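Take a look at the letters that make up each chain.
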Amino acid sequence: MSNLDSTPDEFACAAGPAGGIEVLHPRDVPLGGPRAIRVRRTLPQRDRSLIGAWCFIDHYGPQDVIGDGGMDVPPHPHTGLQTASWLFSGRVEHRDSGGVHAQVRPGELNLMTAGAGICHSEVSTDAESAPILRGVQLWVALPDFARHTARAFNHFAPEPVPLSGATALVFLGELAGHRSPVPSFTPLLGAQLDLDPRAEPALDVDPAFEHGVLCDHGPVALGGTDLAVGELGYQGPGRAVLPLRNTGDSPARVLLLGGPPFGEQLVLWWNFIARSHEEVVEFRRQWQDGDARFGEVRGYEGRLDRLPAPPMPPVRLRPRR
């Protein structure tokens, strides 16, 4: 998904200090136009911009595709990252300049590697049979050695993993002895957890990882700290157990993300991940000029041929300490 902010912030991404459970509150962001789909964005933030290599989280829905309008994100560029699309309900059509045309369905991972440059579009489909759109769009920062890699695309539909009081869909990394076959450039964990009413699963996790728990349907608690829908709970590295609890009398659902602290400093602006102001300026120029770096999306029929880049801010993009 694109970052459609008309005046996007620049972030110097670096992990914050480890500590107790930290709650990141989302901010509402419209994805373009008077009938825009609205998303709840929890990463990046000023106080924390990364969880492992996860650097961007948009949580959206429930969105009535028929009554309120669905998702229509025209072709837009990316560099230096992977996009991970994960749905809880609905359908989304993906097209990219690597020639991939795919459907995003609930419980199935679509992972697109931008590498040196790619562009793609996302449009909700099947409004009659799947009228409610709900899901997350995630970005993974690529380490320096991999950020100029070739475009790629992976699809994976994980089998449910029964846990004590919960069921997991492990789409990246390893949890409870089950490993996703999808490769990653840094160690990662990505899993959907469906919690039984009043369940308290204590998950064994890698103590070298920091973890984030996004509440999609709750309420839930992480380490005794309550999380409302759309909030992201953060647990720093050094702990071998992730203490979750469904505090309600109905089933709950969370998204679990993790990875070792990302050791590189990044500049994230609009849809680009770079290492300097100059790189961002050049990426933007190339996108505006139709450079071959990003290629072309074929088959998209929407409101715009391509998204124009917003103006560069009037100040130099530089790391924030």
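Parameters and conventions
- Residues numbered from 1 in each chain as written.
- Predicted model: local features only at pLDDT ≥ 70, side-chain atom pairs only at ≥ 80, totals over all residues.
- Heavy atoms only, no water.
- Helix = DSSP H or I, 4+ residues; strand = E, 2+ residues; numbered from the N terminus.
- Rg over C-alpha atoms; globule rule 2.2 N^0.38 Å.
- Buried < 20%, exposed > 50% of the residue type's maximum accessible area, 1.4 Å probe, protein only.
- Contact = heavy atoms within 4.5 Å.
- Areas by Shrake-Rupley, 256 points an atom, 1.4 Å probe, with all protein chains shown as cover.
- Lys, Arg positive; Asp, Glu negative; His and termini not counted.
- Charge placed at Lys NZ, Arg CZ, Asp CG, Glu CD.
- UniProt positions renumbered as here; feature names shortened; annotations may be inferred.
- Pairing = 2+ DSSP bridges.
- Axes fitted to C-alpha atoms, helices over the stretch in contact; angles between N-to-C directions.
- Salt bridge = Lys/Arg side-chain N within 4 Å of Asp/Glu carboxyl O.
- Expected span 1.5 Å × (residues − 1).
- Phe/Tyr/Trp six-rings, centres within 6.5 Å; stacked < 30°, edge-to-face > 60°.
- Lys NZ or Arg CZ within 6 Å of the ring centre and 35° of its normal.
- pLDDT = per-residue confidence, 0-100.
- Core = buried A, V, L, I, M, F, W, Y, C linked by side-chain atoms within 4.5 Å.

Trainee: Provide a residue-level description of the overall build of the protein chain, including the pertinent values.
Mentor: From N to C terminus, the protein chain includes 1 helix and 27 strands. Computed over C-alpha atoms, the radius of gyration of the protein chain comes to 19 Å, within 12% of the 20 Å expected from 2.2 N^0.38 for 321 residues, which places it in the range of a compact globule. For the protein chain, the C-alpha atoms occupy an extent of roughly 55 × 50 × 35 Å along the three principal directions. Per-residue burial over the protein chain gives 55% buried out of 321 residues. Contacts in the protein chain between residues at least 24 apart in sequence constitute 74% of all its contacts with a sequence separation of at least 6. Accessible surface, the protein chain: about 12,800 Å² in total, of which carbon and sulfur atoms supply 49%. Between the mean site of the 29 positive side-chain charges and the mean site of the 38 negative ones, the protein chain shows a separation of 5 Å.

Trainee: With reference to specific residues and values, describe the UniProt feature "domain: Pirin N-terminal" (unreviewed entry) in the protein chain.
Mentor: In the numbering used here, UniProt assigns the feature "domain: Pirin N-terminal" (unreviewed entry) to residues 38-140. Overall, residues 38-140 shows 0% helix and 61% strand. The separation of its end C-alpha atoms is 21 Å.

Trainee: Which residues make up the sheet that holds strand β15 (residues 166-172), and what values do they have?
Mentor: Within a sheet, neighbouring strands are paired by backbone hydrogen bonds and run either parallel or antiparallel to one another. Spatially, 7 strands are ordered β2-β23-β20-β25-β18-β15-β14 in an open sheet, and the strand pairing comes out antiparallel. Because the sheet does not close on itself, it has two edges, and the strands there are β2 (22-24) and β14 (161-163). Neighbour-to-neighbour, the strand axes of this sheet turn through a mean angle of 25°, independent of strand direction. With 7 bridges connecting them, strand β20 (residues 210-217) and strand β25 (residues 252-259) associate as antiparallel partners. When the sheet's bridge partners are listed, G212 is paired in β25 with L257.

Trainee: Would you mind going over the pattern of salt bridges in detail, with residue names and values included?
Mentor: For the structure on display, the rule yields 16 salt bridges. Overlapping salt bridges bring together E22, R48 and E210 as one network.

Trainee: Could you give me a rundown of the sheet that holds strand β10 (residues 109-113), with the residues and numbers involved?
Mentor: Within the open sheet, the 7 strands sit side by side as β3-β4-β5-β12-β7-β10-β13. Their pairing is antiparallel. Unpaired on one side and paired on the other, β3 (27-30) and β13 (152-156) mark the two borders of the sheet. Across the sheet, the mean angle separating the axes of adjacent strands is 20° when strand polarity is ignored. Relative to strand β5 (residues 54-64), strand β4 (residues 38-43) runs antiparallel, the two sharing 4 bridges. Bridging across to β5, L43 finds its partner in I57.

Trainee: Outline helix α1 (residues 277-288), supporting the account with residue identities and numerical values.
Mentor: The end-to-end C-alpha distance of α1 is 17 Å, a good match for the 16 Å that 12 residues give at a rise of 1.5 Å each. By the burial criterion, the buried members of α1 are H277, E279, V280, F283, Q286 and W287. Buried residues in α1 make contact with β6 (72-78), β11 (118-124), β26 (266-269) and β27 (272-274). Looking one or two residues past α1, G290 carries a phi angle of roughly 70°, positive in sign.

Trainee: Explain the packing of aromatic side chains to me, using residue names and the numbers behind them.
Mentor: Enumeration over the complete set of coordinates arrives at 7 aromatic pairs. These aromatic residues form a ring-pair network of at least three members: W269, W270, F272, F283, W287 and F294. The side chain of R48 reaches across the aromatic face of Y234, ending 3.6 Å from its centre. Across from the ring centre of W287, 3.7 Å away, lies the NZ or CZ of R306, which sits over that ring.

Trainee: Describe the confidence of the model for the protein chain, with residues and values.
Mentor: Low-pLDDT stretches of the model should not have their predicted coordinates read in fine detail. The pLDDT averaged across the protein chain works out to 92; a share of 91% of its residues lies at or above 70. Note on residues 14-19: pLDDT is under 50 here. Beyond four places in sequence and across chains, it has 12 contacts.

Trainee: I'd love a proper account of the nonpolar core, names of residues and values included.
Mentor: With 38 residues, the main nonpolar core has W54, C55, W86, L109, L138, F171 and L255 as its most contacted residues. Elements with a minimum of two residues in this core: β5, β7 (81-89), β10, β12 (132-141), β15, β23 (232-235), β25 and β26. If you tally residues by element for this core, the top one is β12, at 5 residues. Leave out the neighbours within four places in its chain, and L255 touches W86, V136, L138, F171, A191, Q192, G212, V213 and L214. Membership of the second largest hydrophobic core comes to 28 residues, among which are V104, L133, F272 and W287.

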